[in-house]
Amino acid sequence: MGSRGEERRRAGGGAGGLPERSRRRQRRPGMGPPGSGGSTTARGSLQHLLLFLLFVGPFNCFASYSRATELFYSLNEGLPAGVLIGSLARDLRLPTASGQHPAGPQPPLSFTLASRGLGGQYVQLDNRSGELHTSAVEIDREALCVESSGATIFGGAAAVSSSSSPSSESCLLLLDVLVLPQEYFRLVKVKIAIRDVNDNAPHFPVPHIRLSVPENAPVNTRLAIEHPALDPDVGTNSVQTYRLRDNYGVFTLDVEENESGERTPYLIVMGALDRETREEYVTVIVAEDGGTPPLVGSATLTIGISDINDNCPQFSDSQLNVTLYGNSSLGTHVATVHAVDMDLGSNAEITYSYSQKVPQPSRDLFHLDESTGAITVSSKVDGDTPRFHRLIILGNGPGCIPAVITVLVTIIKVMMRPPEVVPRFIANEAEGVVYLKELEPINTPIAFFTIKDPDEKYKVNCYLDGDGPFRLSPYKPYNNEYLLETTKPLDYETQQLYEISVVAWNSEGFHVSKIVKVQVLDDNDNSPVFSQQLIELSIEENNVPNAFLTKLQATDADSGERGQVSYFLGPDAPSYFSLDKTTGVLTVSTQLDREEKEKYRYTVKAVDSGFPPRESIATVTITVLDKNDNSPRFINKDFSFFVPENFPGFGEIGVISVTDADAGQNGWVALSVLNGSDIFVIDTGKGVLRAKVSLDREQQSSYILWIEAVDGGDPALSSTAKITILLLDINDNPPLVLFPQSNMSYLLVLPSTLPGSPITEVYAVDKDTGMNAVIAYSIIGRRGPRPESFRIDPKTGNITLEESLMQNDYGLYRLLVKVSDHGYPEPLHSTVMVNLFVNDTVSNESYIESLLRKEPDISIEEKQPQISIEPTHKKMESASCMPTLVALSIISLGSIALVTGMGIYICLRKGKKHHRADENLEVQIPLNGRINLHMLEKKPMEISNI
């Protein structure tokens, strides 16, 4: 928009961007001499204001500075939000915060809308600056103001018009703004004129306009078009001109404007019209407004040419020659005259009559039908009848000179009369046509024919001429009587109309024929026939609702309603299939899911409208084609496999079962290992998981793999599953002795060591788990002065002194300790030599080391170590009841016997309970217990070589 100043000038519409002010301006106190800028109207307003101040009393000081002011703005309709309309503070010349006031600092101005009416929703008022902007609600002049006579207020909007065309200022928004504080209080009347923009195209109230023009309308005939175009815009933006897209060289348009400014289009005839040449003109009338760019609207204009009686009847020939036999009977057709009138309706009605020049004998002999122009014999023709007749016939039209045709009739006399054929119909007959239903039984009688010889002296024979299932035979015992009947059932679908002739001839060779037309009436004898008895269809799953499947086709050879076919679903059809009764269009109303059901098979019926109705049945099979809408699905999201360690490479760990509900390539699933592919592989087809190498539990006890399943669709779908592989321990590791660290180490044992004192320990670990890691210690070989003096704990490996050492027990003791696990099927073990030197001191270390280097002569004991858990609870001694008994005897000497008995009973009960607890102190180690020796933090004891 350029800048705010430019937009304000556009919105304000006044010179220099200032709004138009009311001429009733009042002088503000202290802003100039009295009378400057004043007027009589202003002084009158001031007087009314003073009366108002006297009335309000307490507020006279506040109101004394107020004044009423009017501001006028104008802006276009349809502007966006935020367009500046005007600044009230600047246009009212009120001091702003930046300006200096002679009296010193002034309180800030405040602008407030007095009411939020209809006009308030279209504007936004800044309470501090007084700037007025358009709001988010777009102004639509046509919706806001309705043109009427005078001014009408619509909730804050005024529509003003006069006898002249409406101006852009005829639609007003009215706002009341209060200016505070009291030093500047005033009520400002803001009027915003809404200028019209060309935002509406002309439109005709009806899409098709018909106009009738008589064909004899003279050139320059003017006909008003009763449905002119409408345009909600005003002024030049309303409808200005009309035009025809095709005037055919004979029409044009003109526009007339009345006193109220309404424009009415007129159709002007510019050339001669002839209905008989062209009876209708179809064109398009276009209305165009005066906006920039102009907008147009159109409607179809049909100009009908009405007929007038400008044509008269005419005969194609002026004379007709006819020959008539002298033996013609009454009613014999002689001739038919036909005249043509190019007009329509009553203007084309023609009647026929004889001219007055036709003599009466001829009129009596020949009858003229005044409507059809048919001439027939109306009296007997005999030998006295004149041989030549001149019939002058007039074709009469309304308001026309009659057309004339002459019919010359020549009568040929014959010496004998031909035979006569007289029919008497048995079946239904009308105007020489016999009506028979199809499927009538064989030998159905149609008519009797009587053959006569007028001269009664000649023999007459009779036969049937024509094709069809009919027979003409003599009807005995009567002479010259013949019966016409059927020879087989009639079929309407094969042939509907037969034309046969009953021919009679006499011995002189005269022939006479009687034509009989047989019309076969249709019966409902055919059922509808489907083009296919088995209708095979296919549709992809996840179809859109109401998807088209096919259009059924069934035909019925019967006619009329009997051949009208309706379509219905069979009782076995699911409810979500629909079949249009009339068109036979088969649809499905819901989405089909192949995984839920792949094939549908049901019946459809085609029923005709005969009575009783006939029907036929066809079978519909629908195959739901697969789409890749299902991801592969694992049977379990988490798989766990337990595999013994040292399992051979590429052995089968387990089978990963996965399915895909889709079919074909969409249901083909490929498996792959997302992690750990350097160790594990999976068979894509069978889902068999294998390890490339043998697995060692001691290196890694478990593996977690992620398996991905990808189908063969496009695009492909996938899913993943978690695989946990737990290695089962095998007893493949013997116990590892951590202390003593060497068979050559020894420990000094003082002779003063008390029995039961711990001397040292054997500490070992086993990398296996469970019972494979449960270790038992035993001494399997001993050597020394008194080797049985030392004992090893089978569970802890602690070596203790059993007996006191004597003088002769001094020396080197060598204990061969076996460390064995409880593995299955065969336990593994290790051995270690524990060397103990019993002496007060070590005086010769080299001597001891030489003894250690000698191979000990130790016999191996075969006794297996037994592990038992010592009771952790000591036996509790029976509690003594004597203090209780003494106390009870002192307190109550009278009841000493009873109290003593109760005390003894309580003591005995307690003693039994303690005894039972002592019996249960021994606990057995469960066979499946797991002792993780890897987690022990014991360190080997330091051994000093003394």
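As the structure is a prediction and not an experimental result, all values here were calculated from the model.

Some words on the overall build of the protein
No. 1: From N to C terminus, the protein includes 9 helices and 62 strands.
No. 2: Long-range pairs, those at least 24 residues apart, make up 68% of the contacts in the protein between residues at least 6 apart in sequence.
No. 3: Per element, the accessible surface of the protein, about 53,400 Å² overall, is 52% carbon and sulfur.

Section: the pattern of salt bridges
No. 1: Counted according to the given criterion, the structure contains 19 salt bridges.
No. 2: Here R243 ties to E288 by a salt bridge, and the two come within 2.8 Å at their closest N and O atoms. One end of the pair, R243, is in strand β13 (residues 239-244); the other, E288, is in strand β16 (residues 280-289), with 45 residues separating them in the sequence.
No. 3: On the accessibility criterion, R243 (41% relative accessible area) is partly exposed.
No. 4: Among the residues examined, E288 registers a relative accessible area of 22% and is labelled partly exposed.
No. 5: Close ionic contact of E279 with R275 constitutes a salt bridge, the shortest N to O distance being 3.5 Å.

Brief notes about unusual backbone geometry
Most peptide bonds take the trans form, and the phi angle of most residues other than glycine is negative.
No. 1: Cis geometry is adopted by the peptide bond preceding P293, which originates at T292 and carries an omega value of -5°.
No. 2: The topology assignment puts P293 in the loop between β16 and β17 (296-306).
No. 3: Even without glycine at this site, N646 takes up a positive phi of about 65°.
No. 4: Along the chain, N646 turns up in the loop between β46 (638-644) and β47 (652-655).

Focus: the nonpolar core
No. 1: L88, F111, L132, V190 and I192 are the most contacted members of the largest nonpolar core, which has 30 residues in total.
No. 2: Among the secondary structure elements, those contributing two or more residues to this core are β2 (68-76), α4 (88-91), β4 (110-113), β5 (123-125), β9 (171-180) and β10 (186-195).
No. 3: Among the elements that take part in this core, β9 stands out by supplying 5 residues, more than any other.
No. 4: Residues within four places of V190 in sequence aside, it is in contact with L71, Y73, L88, L132, L173, L174, L175 and V177.
No. 5: With 25 residues, the next largest nonpolar core counts V337, L368, V377 and I411 among its residues.

A few points about the sheet that holds β16
No. 1: Judged by pairing direction, the sheet is mixed, and its 4 strands sit side by side in the order β11-β17-β16-β13 without closing on themselves. Two strands bound the open sheet, and with one partner strand each, they are β11 (208-214) and β13. The average undirected angle you get between the axes of adjacent strands in this sheet is 30°.
No. 2: The pairing of β11 with β17 spans 7 bridges and is classified as parallel.

What to know about the state of the cysteines
Think of a disulfide as a covalent bridge from one cysteine sulfur atom to another cysteine sulfur atom.
No. 1: In this structure the tally under the stated criterion is 2 disulfides.
No. 2: The side chain of C145 participates in a disulfide bridge whose partner is C171; the two sulfur atoms lie 1.9 Å from each other. Torsion about the S-S bond of the C145 and C171 cystine: about 65°, corresponding to right-handed handedness. You can see C145 sitting in the loop between α5 (141-144) and β7 (150-153) and its partner C171 sitting in strand β9, a full 26 residues away along the chain.
No. 3: Classification of C145 as buried rests on a relative accessible area of 3%.
No. 4: At a sulfur-sulfur separation of 2.3 Å, the disulfide partner of C312 is C400. Handedness here is read from the sign of the S-S torsion; for C312 and C400, about -85°, the answer is left-handed.

Some words on the environment of N733
No. 1: The residue N733 is located in the loop between β53 (718-728) and β54 (736-739) in this model.
No. 2: Expressed as a C-alpha distance, the spacing of N733 and E698, which sit 35 residues apart in the sequence, is 9.3 Å.
No. 3: When sequence neighbours within four positions are dropped, the list of residues in contact with N733 reads E698, D766, K767, D768, D821 and L828.
No. 4: At 3.5 Å, the side chain of N733 forms a polar contact with the side chain of E698.
No. 5: In terms of polar contacts, N733 uses its side chain to reach the side chain of D768, at 3.0 Å.

Digging into the sheet that holds strand β43 (residues 599-608)
No. 1: In spatial order, the strands read β37-β44-β43-β40; together these 4 strands make up an open sheet with mixed pairing. The two strands at the open ends of the sheet, each matched to only one other strand, are β37 (534-540) and β40 (565-569). Ignoring which end each strand starts from, the neighbouring axes of this sheet average 30° apart.
No. 2: Sheet topology note: the β40/β43 ladder contains 5 bridges and is antiparallel. Each residue of the ladder has a partner; that of L569, found in β43, is V604.

What about the pairing of strand β44 (residues 615-625)?
No. 1: Note that β37 and β44 share 7 bridges and pair parallel. Bridge pairing in β44 links I535 to V620.
No. 2: Here β43 folds back onto β44, and the loop between the two strands holds 6 residues.

As for the pairing of strand β29 (residues 433-437)
No. 1: Where strand β28 (residues 428-430) meets β29, 3 bridges bridge the pair, whose relative direction is antiparallel. Along β29, the bridge assignment pairs E429 with V434.
No. 2: In textbook terms, the turn of a hairpin is the stretch between consecutive antiparallel strands, and for β28 and β29 this stretch comprises 2 residues, one of which, E431, has a positive phi near 55°.
No. 3: Here 5 bridges tie β29 to strand β35 (residues 511-521), and the two strands are oriented parallel to one another. Directly across from L436, in β35, lies its bridge partner V520.

Comments concerning the side chain of S566
No. 1: In this fold, S566 is placed in strand β40.
No. 2: Those residues within four positions of S566 in sequence are excluded, and the remaining contacts are K581, K605, A606 and V607.

Quick look at the environment of D608
No. 1: Considering the arrangement of structural elements, one finds D608 in strand β43.
No. 2: Residue classification places D608 among the buried residues on the basis of a relative accessible area of 4%.
No. 3: Residues D608 and A554 lie 54 residues apart in sequence; the distance between their C-alpha atoms is 9.9 Å.
No. 4: Side-chain polar atoms of D608 contact the side chain of N524, separated by 3.4 Å.
No. 5: From its side chain, D608 meets the backbone nitrogen of G610 in a polar contact 3.3 Å long.

Re the confidence of the model for the protein
Any region with low pLDDT has predicted coordinates that should not be read closely.
No. 1: Overall, the prediction assigns the protein a mean pLDDT of 79, with 79% of residues at 70 or greater.
No. 2: In this model, residues 148-169 is a region of pLDDT below 50 whose contacts with residues beyond four sequence positions or in other chains number 53 contacts.
No. 3: Low pLDDT (under 50) marks residues 867-881, which in the prediction has 24 contacts with non-local residues, meaning those over four places away or in another chain.

Points about the packing of aromatic side chains
No. 1: This structure, assessed with the given rule, holds 16 aromatic pairs.
No. 2: Summarising the aromatic geometry, the rings of Y576 and Y600 are spaced 6.2 Å apart at their centres and angled 85° between planes, so their arrangement reads as edge-to-face. Highlighted residues: Y576 in the loop between β40 and β41 (577-579) and Y600 in strand β43, separated in sequence by 24 residues.
No. 3: On the basis of relative accessible area, Y576 is assigned to the partly exposed category, the value being 28%.
No. 4: Here the aromatic residues Y576, F577, Y600 and Y602 are joined through ring pairs into a cluster of three or more.
No. 5: Taking the ring centre of Y266 as reference, the NZ or CZ of R222 above it sits at 5.2 Å.

Conventions used here
- Residues numbered from 1 in each chain as written.
- Predicted model: local features only at pLDDT ≥ 70, side-chain atom pairs only at ≥ 80, totals over all residues.
- Heavy atoms only, no water.
- Helix = DSSP H or I, 4+ residues; strand = E, 2+ residues; numbered from the N terminus.
- Contact = heavy atoms within 4.5 Å.
- Areas by Shrake-Rupley, 256 points an atom, 1.4 Å probe, with all protein chains shown as cover.
- Salt bridge = Lys/Arg side-chain N within 4 Å of Asp/Glu carboxyl O.
- Buried < 20%, exposed > 50% of the residue type's maximum accessible area, 1.4 Å probe, protein only.
- Core = buried A, V, L, I, M, F, W, Y, C linked by side-chain atoms within 4.5 Å.
- Pairing = 2+ DSSP bridges.
- Axes fitted to C-alpha atoms, helices over the stretch in contact; angles between N-to-C directions.
- Disulfide = S-S within 2.5 Å.
- Polar contact = N/O pair within 3.5 Å; in protein donor to acceptor, adjacent residues only side chain to side chain.
- pLDDT = per-residue confidence, 0-100.
- Phe/Tyr/Trp six-rings, centres within 6.5 Å; stacked < 30°, edge-to-face > 60°.
- Lys NZ or Arg CZ within 6 Å of the ring centre and 35° of its normal.

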